[in-house]
Amino acid sequence: MSRLLGGTLERVCKAVLLLCLLHFLVAVILYFDVYAQHLAFFSRFSARGPARALHPAASSSTNCSRPNATAPSSGLPEAPSARPGPTAPVLPPCPDSPPGLGLIPATVLPAVGRLLIEFTSPMPLERVQRENPGVLLGGRYTPPDCTPAQTVAVIIPFRHREHHLRYWLHYLHPILRRQRLRYGIYVINQHGEDTFNRAKLLNVGFLEALKEDATYNCFIFSDVDLVPMDDRNLYRCGDQPRHFAIAMDKFGFRLPYAGYFGGVSGLNKSQFLRINGFPNEYWGWGGEDDDIFNRISLAGMKISRPDIRIGRYRMIKHDRDKHNEPNPQRFTKIQNTKLTMKRDGIGSVRYQVLEVSRQPLFTNITVDIGRPPSWPPRG
């Protein structure tokens, strides 16, 4: 019995020993397999690594100072590399409806968006400049917190209206900044004392603004004596020409007639060129805005206007300027817009720039636009 148990125990021990040996052999095989894989990996890595370790000139930091440097040991030309410098943060697009418009600060009447506009307080330019620290030389401004979709040139036909200009700048700069616009202000000053020509000055402003900044794609044409009473009246261009000043106080805050396009209007670059700009032959007061309305209609476009509660304006009261008497030929010329718009406009404007002066709040461009003909032009 003892022999039988001893033989059985011996066989069990041999079996256990055999299993241990088999396990050891499997472990050794697996170990060498994993070792071989790691060895191949490090061999590939070391084959690439020495070129960088031995030749620092091939690093990107060196190529930043020598853009055409190559690694001597590589034997193959490498593309120039440069260390990227600091990049400006990418700003989000400016909102279509900027926040803060229509709020009621201390200078606003108790009606949403309605601004309190008055023209009795003294208004030195130094005060206006202090109130608008973000406005750059020449009247340029860009929002610091967003990227506007348009670049706007605001063009003002001008002569002997310094008092009005100070009030206009006082009210308009804060409004345009709150509207998150990228803009520039251009005062087109007619030289001399010949008869005033508003539309021709606006043509000059369009051309001169583009000479300074070819990215302008929206043009707002504004009289210097008109101030909006609501900052939600956005000075932007749209799919159709825009008429902003639809409800002036002098007209009882109503549109005087359906075809009225005076005071403040806006067209993008393609719309302006499509109508050949504005007429150059309206010397004296009146008629040019009706001609512009006719041009827009003849070009197959329509007028866009804000809500009448938003498009309200106050006019600075003043006597009629000397040498800006009513044009007696305006009614005849308005009837002939279809015949004259192709030959009279931005393509035919003639003028001479006498001075360009970049002031802290605006760019003043003094021009000689000639004088009216001594005979009635063909209309």
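Residues numbered from 1 in each chain as written. Predicted model: local features only at pLDDT ≥ 70, side-chain atom pairs only at ≥ 80, totals over all residues. Heavy atoms only, no water.

- The protein chain is annotated in an unreviewed UniProt entry as Beta-1,4-galactosyltransferase from Tursiops truncatus.
- On record in UniProt, under Pathway (unreviewed entry), the comment for the protein chain is "Protein modification; protein glycosylation." (UniProt positions renumbered as here; feature names shortened; annotations may be inferred.)

### Topic: the overall build of the protein chain
1) Next: Along the backbone of the protein chain there are nine helices and ten strands.
2) Next: With 379 residues in all, the protein chain has 41% of them scored as buried.
3) Next: If you take every contact in the protein chain between residues at least 6 apart in sequence, the share linking residues at least 24 apart comes to 79%.
4) Next: About 21,300 Å² of surface is accessible on the protein chain, with carbon and sulfur atoms providing 60% of the total. (Helix = DSSP H or I, 4+ residues; strand = E, 2+ residues; numbered from the N terminus. Buried < 20%, exposed > 50% of the residue type's maximum accessible area, 1.4 Å probe, protein only. Contact = heavy atoms within 4.5 Å. Areas by Shrake-Rupley, 256 points an atom, 1.4 Å probe, with all protein chains shown as cover.)

### A closer look at unusual backbone geometry
1) Next: Despite not being glycine, Arg180 has its phi angle at roughly 55 degrees, a positive value.
2) Next: Looking at where Arg180 falls in the secondary structure, it is placed in the loop between helix H4 (162-178) and strand S2 (182-190).
3) Next: Although it is not a glycine, Asn276 sits at a positive phi angle of roughly 60 degrees.
4) Next: You can see Asn276 is positioned in the loop between helix H6 (269-274) and helix H7 (288-298).
5) Next: Taking relative accessible area as the criterion, Asn276 reaches 15% and is therefore assigned buried.

### Some words on the environment of Ser348
1) Next: Take Ser348: it is sitting in the loop between helix H9 (337-340) and strand S9 (352-358).
2) Next: Between the alpha carbons of Ser348 and Asn276 there is a distance of 9.1 Å; along the sequence they are 72 residues apart.
3) Next: When sequence neighbours within four positions are dropped, the list of residues in contact with Ser348 reads Asn280 and Arg343.
4) Next: A distance of 3.0 Å separates the side chain of Ser348 from the backbone nitrogen of Gly345, its partner in a polar contact. (Polar contact = N/O pair within 3.5 Å; in protein donor to acceptor, adjacent residues only side chain to side chain.)

### Remarks on the sheet that holds strand S6 (residues 247-248)
1) Next: Reading across from one edge, S4-S8-S6 is the order of the three strands in this open sheet, with mixed pairing throughout. With one partner strand each, in any of the chains shown, strand S4 (226-228) and S6 form the two edges of the open sheet.
2) Next: Bridge analysis of S6 against strand S8 (residues 312-315) gives two bridges, and the strand direction is parallel. If you follow Met248 over to S8, its bridge partner there is Tyr313. (Pairing = 2+ DSSP bridges.)

### A few points about the sheet that holds strand S1 (residues 151-158)
1) Next: A sheet is described by the order of its strands in space; here seven strands give the open sequence S5-S7-S3-S1-S2-S10-S9, paired in mixed fashion. Of all the strands in the sheet, the pair left with one neighbour each is strand S5 (242-243) and S9.
2) Next: Note: strand S3 (residues 218-222) against strand S7 (residues 264-268), five bridges, orientation antiparallel. Paired with Phe221 across the bridge in S7 is Ser265.
3) Next: Running over the sheet, H4 touches S1, S2 and S3 and is turned about 165 degrees from S2.
4) Next: Taken strand by strand, helix H5 (residues 198-212) contacts S1, S2, S3, S9 and strand S10 (363-368), and its axis lies near 145 degrees from that of S1. (Axes fitted to C-alpha atoms, helices over the stretch in contact; angles between N-to-C directions.)

### Description of the state of the cysteines
Working definition: the covalent bond between the sulfur atoms of two cysteines is a disulfide.
1) Next: Applying the stated criterion to the full structure yields two disulfides.
2) Next: Shown here is the disulfide that connects Cys94 with Cys146, its sulfur atoms set 2.0 Å apart. One disulfide, between Cys94 and Cys146, carries an S-S torsion of 85 degrees and so falls in the right-handed class. Here Cys146 lies in the loop between helix H3 (125-131) and S1 and Cys94 lies in the loop between helix H2 (60-65) and H3, a separation of 52 residues in the sequence. (Disulfide = S-S within 2.5 Å.)

### Focus on the pairing of S8
1) Next: When S4 meets S8, the two strands line up antiparallel, connected through three bridges. In the strand pairing of S8, Leu226 is matched with Met315.

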